[in-house]
Amino acid sequence: MDDSKEHFAEVKDLKVTYYPEDGVPVRALDGANLKIRAGEIVGILGESGCGKSTLASAWLRLLPPHASCEAGTIVFRGRNLLTLSEQELRPLRGKEISLISQDPALSLNPLIMAGSQIGEVLRAHSLLNARQRRGQVMELLREVGFNHPEEIYSAYPHQLSGGQRQRIAIAQAVACRPALVIADEPTSKLDSTLQAEIVSVLLQIRKRHATAILVISHDPSLFTGFADRVAVMYAGRIIEVGSSPEIFGRPLHPYTQALVQIAAYSVLTKLQTGLRFPAIEGESPDPTCIPAGCRFEPRCSDRMEICSQSYPPQFMPDPSRPVNCFKYGE
Amino acid sequence: MSYIGRRLARAILLLVGVSALCFLFTEIAPGSFFDELRLNPQISPETISALRSHYGLDQPLLVRYAHWMKSALHADLGYSIAYNVPVAPLLWSRAKNTLLLTTTALVLTWMISVPLGVWTANRRGGLLDRMVSLTGSLLISIPEIVIAVALLAIAVRWRVLRVGGMMSADFESFSAWAKLQDLLLHLALPAFILVLSETAIIVRHVRASVLEVLGAPYVQAARGFGVSQTRLLFRHVLPVAANPAISLLGFSLAGLLSGSLMVEVICGWPGLGPLILEATLSRDLYLVIGGIMFSALFMVGGNLLADVMLLALDPRISREGTDAL
Amino acid sequence: MYADSPNDTPTESLLCVQALRKQYVRGGIWRKRVPVAAVNGVDFEIPRGRTFALVGESGSGKSTVARCVTRLERPDSGRILIRGINIAQLRSRDLLPFRSGIQIVFQDAITSMNPRFSALEIIEEPLLIQSQRGQVEYDRRNRRDRVGALMVEVGISPDWMHRSILHFSGGQRQRLALARALALRPQLLVLDEALSGLDLSTQAQVANLLLDLQAAHSLTYLLISHDLGLVARLADEIGVMSGGQTVEIGPTQQIVTSPNHAATKKLLAAARTATSAFAAATGEQA
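Note that the structure is a prediction, hence the values are computed from the model and not measured.

Cut-offs applied
- Residues numbered from 1 in each chain as written.
- Chains lettered and ligands numbered in written order.
- Predicted model: local features only at pLDDT ≥ 70, side-chain atom pairs only at ≥ 80, totals over all residues.
- Helix = DSSP H or I, 4+ residues; strand = E, 2+ residues; numbered from the N terminus.
- Contact = placed C-beta atoms within 7 Å.
- Buried ≥ 20, exposed ≤ 12 C-beta atoms within 10 Å, placed from the backbone.
- Pairing = 2+ DSSP bridges.
- Axes fitted to C-alpha atoms, helices over the stretch in contact; angles between N-to-C directions.

Draft legend 1. Layout of the overall build of chain C. Within chain C, the secondary structure is distributed over nine helices and ten strands. Counting only contacts in chain C whose residues sit at least 6 apart along the sequence, the fraction spanning at least 24 positions is 68%.

Draft legend 2. Highlighting the pairing of strand β3 (residues 41–45) of chain A. Residue and element names in this part refer to chain A. The buried fraction of β3 amounts to five of the five residues, a majority that puts the element mostly inside the structure. Residue alternation in β3 divides its side chains into two sets, Ile41, Gly43 and Leu45 and Val42 and Ile44, and both sets are buried. Looking at chain direction, β3 and strand β9 (residues 229–234) are connected through four bridges and run parallel. The residue bridging Ile44 from the neighbouring strand is Ala231, located in β9.

Draft legend 3. Main features of the sheet that holds strand β10 (residues 237–243) of chain A. Residues and elements named next belong to chain A. Across the sheet, which stays open at both edges, the six strands sit in the order β6-β7-β8-β3-β9-β10 with mixed pairing between neighbours. Of all strands in the sheet, those bounded by a partner on one side alone are β6 (97–100) and β10. On average, each strand axis in the sheet is tilted by 15 degrees relative to the strand beside it, whichever way the strands run. Pairing analysis gives four bridges linking β6 to strand β7 (residues 180–184), with the strands arranged parallel. Of the residues in β7, the one forming a bridge with Ile100 is Ala183. The strands touched by helix α9 (residues 254–264) are β3, β9 and β10; relative to β9, the strand with the most contacts, the crossing angle is about 110 degrees.

Draft legend 4. View of the interface of chain A and chain B. Contact with chain A, which involves 26 residues of that partner, is made by 20 residues of chain B. Among the elements that take part in the side of chain A that touches chain B, helix α3 (residues 114–125) of chain A stands out by supplying four residues, more than any other.

Draft legend 5. Structural detail: unusual backbone geometry. Non-glycine residue Glu185 of chain A carries a positive phi angle of around 50 degrees. Structurally, Glu185 of chain A can be placed in the loop between β7 and α7 (195–209). The buried category is assigned to Glu185 of chain A, around which 22 C-beta atoms lie within 10 Å. Despite not being glycine, Ser218 of chain C shows a phi value in the positive range, around 50 degrees. Position of Ser218 of chain C relative to the elements: it lies in the loop between α6 (200–217) and β8 (220–225).

Structure below.
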């Protein structure tokens, strides 16, 4: 990894808390750190509740009103996004940073034609007239893999399949050629047969336009052959970062190791039914009461006494391989 | 059969059913027009039965119904015993007045409710939102009759509006402009009462509907792509939020003839309401039935119109069937 | 009710589906009514105590099969034999004795339920319905005890039985759905994408739970999924569906190592793409 390349986006020590009307405050992000370089594909690996979706929404401040960004910064091209007003954020949304939301079944307006919805993004950020917009949209539809863009343009979302809707959402996201695209669980709600298709569309986009992509998923197999670097998230914090082959070939954190083991279990060559899945015991910590020590400690098979007492600082057992685990230092 | 075709067929069946029920109920209800006359010793029973057969009231129910049906299809709704004129023209002349009142109220109500509903949903929790909510609650909980009488009292004191009836006594002698003024001044009070009560309800529904759509994932996604709040509201939110509102509009249209009875009676507006009331009290049979059928026609027609509008506006209902299995 | 019969041999098939067909009708508003065959000739058999997986892409008809087998829908034609008795065209009343023996768990089952219900209320519902029908006697304490036992079995503390389901995570909710499905002691459990949409680690936990429950209660499973990789670890036999038909059926090992039909190969390719890139990264042989 070329370290001299500038990080054009950086999340530093981000803390986000949700204050639900009737309930205990939930600390969704508890000091997340992440760096992204231009044109890089960075993956965030974590289970539900670890804060990954909060991280995705926090960039463009698309969090619900009861959420509060309490500390930390998100620096993008030199500006701290958290200090910008709604007014100042709007020109960024869709134009410099785009968010592809989780569920393609829900993220498209049921009463507007698919093509027009892509056109809306263009309308928000450019001065093209209707005909020019339409032309651009056709181009975009072709780019995301539709062979008959005219048919798709005038289709309504309920007439499209899940995979098609997701590609429309991708087209919306890249319409104005943003520098960073955030894809929140892009394939989780789709058939496994569509995963390769979506990955290939995103790779094409990075190749053509040098767009940086932040991909979020709970499934490690999504990142292989796709992400340049992967950051592993657990209970609101990033606990390990490494390049894709490093993370899967030599995972350092016990949590990463366990996840990789589960994912590897589906390698279909060594088939023996009736064996148990290599599951991780227990549940992720209750976000309303976070323990003092390492959050993974209750479920960790390698736990030591110090693990429950204080939170492991960042160690660097190898260059560019930060990991928060006491196994790698004192 | 097409969507509209089926709705239309259903509407017709409904009207037929209502007419049958009308006949049945008026037959079952105690009393007849001639009860008062019967009490009068000077009028002989023969006169009364002669009158009855003159109006065809001595024939069996089914025969009367069949006759009425046949004539109704030719727009002849029978004869009013009290007024001694054909029912249909009488109804229509009064219905016109009612329509004037309710249409004005309808337009004003929706012109106020929709922007107000959208605004308060957009700025939820703001000062205007809370004020509107409070006022709305008050208006809904106070019975309409109380509001009507209170406003009537104020109007009489205030002396700016003209109260009572639709026109002043010397209406005919006015110039065209003065006639219009007079009409409007008489219209103001009853219309205002109607608008007040209906707006309170409709604003809530519009607000709730808009709020729901504002929170939808696809609106948030559009917001995430940088679409401006105004564009979001009008292009992305309103069309979806309009769906339930159009059903409501259908109800409003449906109630054009039937919703203003009480206001008309209190303000003395010469509309359909007081006429039907009177007819019912005096058992003026065909006037009652005709009046109810008129209202039913509007009710059914209003709902049909709402269905057609929904069909035109929501691509999910009409054009295609569902996609994946 | 449908109790264990001492005469059953262990390999007798519990469920046998023959020539199943079901169609839905599209359109009918402006457009002409077009029949769409969701299921157009499906045959398979599940021996008692075994796991059969029906895999296919969205739209292949597998969920419709699940709904027909559990008689949530009535098939147009074909036979569904439960222990030799054809339930395909039985009327609701005649189906009652079979209902408790076959249960279904959906994807994200609990989220489609009323969030005002507590875990207890959700799990005891089948018991309540059975009591009302007079088929079993269950008073409140019995029910509570039974629900507690079920919760323990699926790995959730019974102390939480009064919590609203909103307080449970996705994986926990699926476990509660399983607990509910087990309340009536079924023989056959249909799992319609019951593991889809769960995190990887949660999926593994729930999959292990399924294995444990099967061993404990001699359950027979019909798994419906689009994920061949997941299902290959759980199923003894796999049936591949495409276009409403079962296009290939065979033991798991055979399907995975030597697929014949194009649909099977496509599903396998999807699973393999994930795993081969993975294996490359982890240095294992793909």
